[in-house]
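Secondary and tertiary structure notes
Here's the letter readout for the chains.
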Amino acid sequence: MILLGAVSATPSSAATPAQPENTGVKVEFISPNHSLIRINSDDKYLLLPIEESQDDAKIEIIVNGKLEKVVNARLAKNKVDYMVPLDLSGYDNKGLVLAVETRQGRSTTRDIQNDACWKALELTNEFESTNTEKFRPEFHHTPLWGWMNDPNGMFYKDGVWHLYYQWNPYGSKWQNLSWGHSTSTDLVNWKHETSAALEPDALGMIFSGSSVVDKNNTAGFGEDAVIALYTAAAATQQQSLAWSTDDGTTLNPYSGNPVITLDSEARDPNMFWHEPTQHWVLLLAHALEHEMLILTSPDLKEWTLQSSFGKGLGAQDGVWECPDLLKVKVDGSDKEKWVLICNLNPGGVFGGSATQYFVGDFDGKTFTPDTDAEGKVPTKWMDFGKDHYATVSFSNAPDGRNTVIGWMSNWQYAPEVPTMQFRSANTLPREVGLFEGADGQLYASSTPSPEVETMRGSVFKRIGGMSAGTKAKSVAIPDVCEIVLTLKAGKAAGNVNLTLENNAGERVVMTYDPTTKTLSFDRTNSGITDFSQDFPAVTVAPTFNEGKESVELRIFVDRSSIEVFEKDGRFAMTNLVFPNEPYSRLTVNTDKGSAEIKNLTIYDIKKN
Ligand code: FRU
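Because the structure is predicted, anything quoted here is derived from the model rather than measured.

**A look at the site of the ligand**
Close to the ligand lie 13 residues, the nearest being D150, Q166, R267, D268 and E321. At a separation of 3.1 Å, an oxygen atom of the ligand approaches a polar backbone atom of S208. Side-chain polar atom of W411 to an oxygen atom of the ligand: 2.9 Å apart, as the coordinates give it. When the ligand sits alone it has 310 Å² of accessible area, and the protein chains cover 95% of it. Broken down by secondary-structure element, the contributors of at least two residues to the shell around the ligand are β9 (146-157), β13 (205-214), β17 (267-274) and β21 (319-329). The residue makeup of the shell around the ligand, split by class, is 6 nonpolar, 3 polar and 4 charged.

Written as structure tokens, this is what we have:
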């Protein structure tokens, strides 16, 4: 029997209470989960009201009956957390319709009319992106708004460092993966493009990848064209190419995409020119197989699989992602070796995401790892914190530099960290080197790039020498700073604690153990830690200072991150912290004996 009554539901036009205040936008309610937003205005942006705890709504942008673009956004149901801009320029706004499909269970069309988003929809010509977050770092790269994960596609050209990144412009959770784009002439001050350089298309979302400067026009897009390869991620993952003849500002997807298809999950293509063999080399993460594929090409379009590396080697308890392969000079010698970077998630050194690397040789087609005294391939970590992932290098960097940047978070809790306007920052830029450890093996060093020193402001405090004993001594520090010091302690000192603390009783305790020659970092009482059970943690780094009584440290404190480096980058340790108020002093004490702190200098950071 057909129930006619069910068909004659209240017409949607009765839904006046939910209409936006702006007369250029009108909402029609079609069914319990379908609505239409009609735009009749020349304004540049439609601001979408977001509530993070909601599911994504699918928004189809339809111009004169043609589907132009699809965006997923967590449209507000109960309250508006923040607004994100949908750029309408370039469309004929008079015939613009947004077809919205929400996913929450609703039984009647009337239910949806009460959602908080409709009334709050706003047309505007400006989107305000001034910082509203107390946890936004001051001297680390962050997106102006929205979610960010991996830095990717980075290159240097004509004095400018280009940093692309995995970006969601429509909310601060992982979604709509696009390439955001920032540029810098000094690696520390970044200028942000407000629209994405690459956006999802019919082949899928734009996952991580790399870019090169095609100096000899091998790909046919012009001499010095910038060529990017990225993963087009839909039901499958394929590799696509984009080209640019305006120094990376506009990346044009290639008409022959995808250029690499495989029958298994592979992503994050990372390529470079191999001079001796005169071809392009590409590393591709064969994620679920826990190996890296190595391909070569004469023209960046036709790729041939040459070898694979890594099966059964190193840390294997997670997917292998974001590879890189760097030629690195060994400190104190003329020798050059290759460092294969392999990001892994989960299964990192302190749980979740981390960057491991292998040292070895590369002949243009095959990577052969070095072995230890027992003939095994050792597992090595680039950073001994919890928040250092997706580390890759800038291609075409000047003077043969191996300059890398990592994502300063961990997939264990990245979507939950207590910020909303933006989510996630990148690490300071670092130079990768190689040094020989006491065991005769080669290890990668990570030193803050020289440009980082240019942000040192005035000296806030300098103390030539101070003894540390069981009675704690404190020195005031500014909210945001670099702390440089030499810590000298023999075994008799017991543990030496360097504590950053605030008046709310929150602290980070860094403990040097002169017996094991390790530095640990305890953030269990560092401030807000309860957003994830994986966040309160202690991380430990070997200081690689065998045979020495002292270790020289550089500590960078920036609102919600602390990076600790051995002066020559023999270890790096990156950890997020969310103190309710900034740490205001550095306290030093030992467990039992005495230690010395020498050349303590606390620098303000120059603000721009
Ligand atoms: C690493 C990663 C990559 C992928 C990207 C998607 O964090 O999972 O493998 O390309 O993020 O955003």
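Still more ground to cover, so stick around.
**Overview of the environment of P418**
Within the element layout of this structure, P418 appears in the loop between β27 (403-407) and β28 (422-423). On a C-alpha basis, the gap between P418 and E431 in space is 30 Å, while along the polypeptide they are 13 residues apart.

**Topic: the domain arrangement of the protein**
How big an interface is tends to be expressed through the accessible area that disappears when the partners come together. When cut into domains, the protein gives domain 1 (25-124), domain 2 (146-448) and domain 3 (456-605). Just the C-alpha atoms count here: the centres of domain 1 and domain 3 sit 48 Å apart.

**Quick word on the sheet that holds strand β29 (residues 430-436)**
With antiparallel pairing, the 4 strands of this open sheet are ordered in space as β26-β27-β29-β30. With partners counted over all chains shown, the strands left at the sheet margins are β26 (389-393) and β30 (442-448), one partner each. Averaged over all neighbouring strand pairs, the angle between strand axes comes to 40°, with direction disregarded. Across 7 bridges, the pairing between β29 and β30 is antiparallel. Of the residues in β30, the one forming a bridge with R430 is P448.

**Digging into the nonpolar core**
Nonpolar side chains in soluble globular proteins generally cluster together in the buried interior. Counting 57 residues, the largest nonpolar core has I483, L500, V564 and L600 as the members making the most contacts within it. If sequence neighbours within four positions are ignored, L600 has contacts with K461, R462, I463, M466, V475, I483, V484, L485 and L586. Of all hydrophobic cores here, the second largest spans 40 residues; its members include V63, Y82, L86 and W145.

**Some points on the pattern of salt bridges**
Enumeration over the complete set of coordinates arrives at 28 salt bridges. The salt bridge partner of K337 is D370, with a shortest N-O separation of 3.1 Å. Here the residue K337 occupies a position in strand β22 (residues 336-345), and D370 occupies one in the loop between β24 (367-369) and β25 (380-381), the gap between them amounting to 33 residues. Overall, K337 belongs to the buried group, its relative accessible area being 10%. On the basis of relative accessible area, D370 is assigned to the partly exposed category, the value being 25%. The residue E501 makes a salt bridge to R585 at a minimum N-O spacing of 3.7 Å. Of this pair, E501 sits in strand β34 (residues 496-501) while R585 is found in strand β41 (residues 585-590), placing the two residues 84 residues apart along the sequence. With relative accessibility at 15%, the residue E501 sits in the buried group. Given a relative accessible area of 24%, R585 falls into the partly exposed group.

**Describing the packing of aromatic side chains**
Tallied over the full model, the rule gives 33 aromatic pairs. Centre to centre, the rings of F221 and Y254 are 5.8 Å apart; their planes meet at 85°, and the pair counts as edge-to-face. A residue pair is termed long-range when its members are at least 10 positions apart, and F221 in the loop between β13 and β14 (225-233) and Y254 in the loop between β16 (252-253) and β17 qualify at 33 residues. Assessed through its relative accessible area of 18%, F221 is described here as buried. Ring plane angle 85° and centroid distance 5.7 Å describe the contact between F531 and F578, whose orientation is recorded as edge-to-face. With F531 in the loop between β36 (518-522) and β37 (538-542) and F578 in the loop between β40 (572-576) and β41, the pair connects residues that are 47 residues apart, well separated along the chain. We note that F531, like F578, is buried. Seen from the ring of Y443, K380 lies directly overhead, with NZ or CZ sitting 4.7 Å from the centre. One Lys or Arg, R456, reaches over the ring of Y603 and ends 4.2 Å from the middle of that ring.

What counts and how
Residues numbered from 1 in each chain as written. Predicted model: local features only at pLDDT ≥ 70, side-chain atom pairs only at ≥ 80, totals over all residues. Heavy atoms only, no water. Near = heavy atom within 4 Å. Polar contact = N/O pair within 3.5 Å; in protein donor to acceptor, adjacent residues only side chain to side chain. Areas by Shrake-Rupley, 256 points an atom, 1.4 Å probe, with all protein chains shown as cover. Helix = DSSP H or I, 4+ residues; strand = E, 2+ residues; numbered from the N terminus. Nonpolar A, V, L, I, M, F, W, Y, C, P; charged D, E, K, R; others polar. Domains from an automatic or database assignment. Pairing = 2+ DSSP bridges. Axes fitted to C-alpha atoms, helices over the stretch in contact; angles between N-to-C directions. Core = buried A, V, L, I, M, F, W, Y, C linked by side-chain atoms within 4.5 Å. Buried < 20%, exposed > 50% of the residue type's maximum accessible area, 1.4 Å probe, protein only. Contact = heavy atoms within 4.5 Å. Salt bridge = Lys/Arg side-chain N within 4 Å of Asp/Glu carboxyl O. Phe/Tyr/Trp six-rings, centres within 6.5 Å; stacked < 30°, edge-to-face > 60°. Lys NZ or Arg CZ within 6 Å of the ring centre and 35° of its normal.

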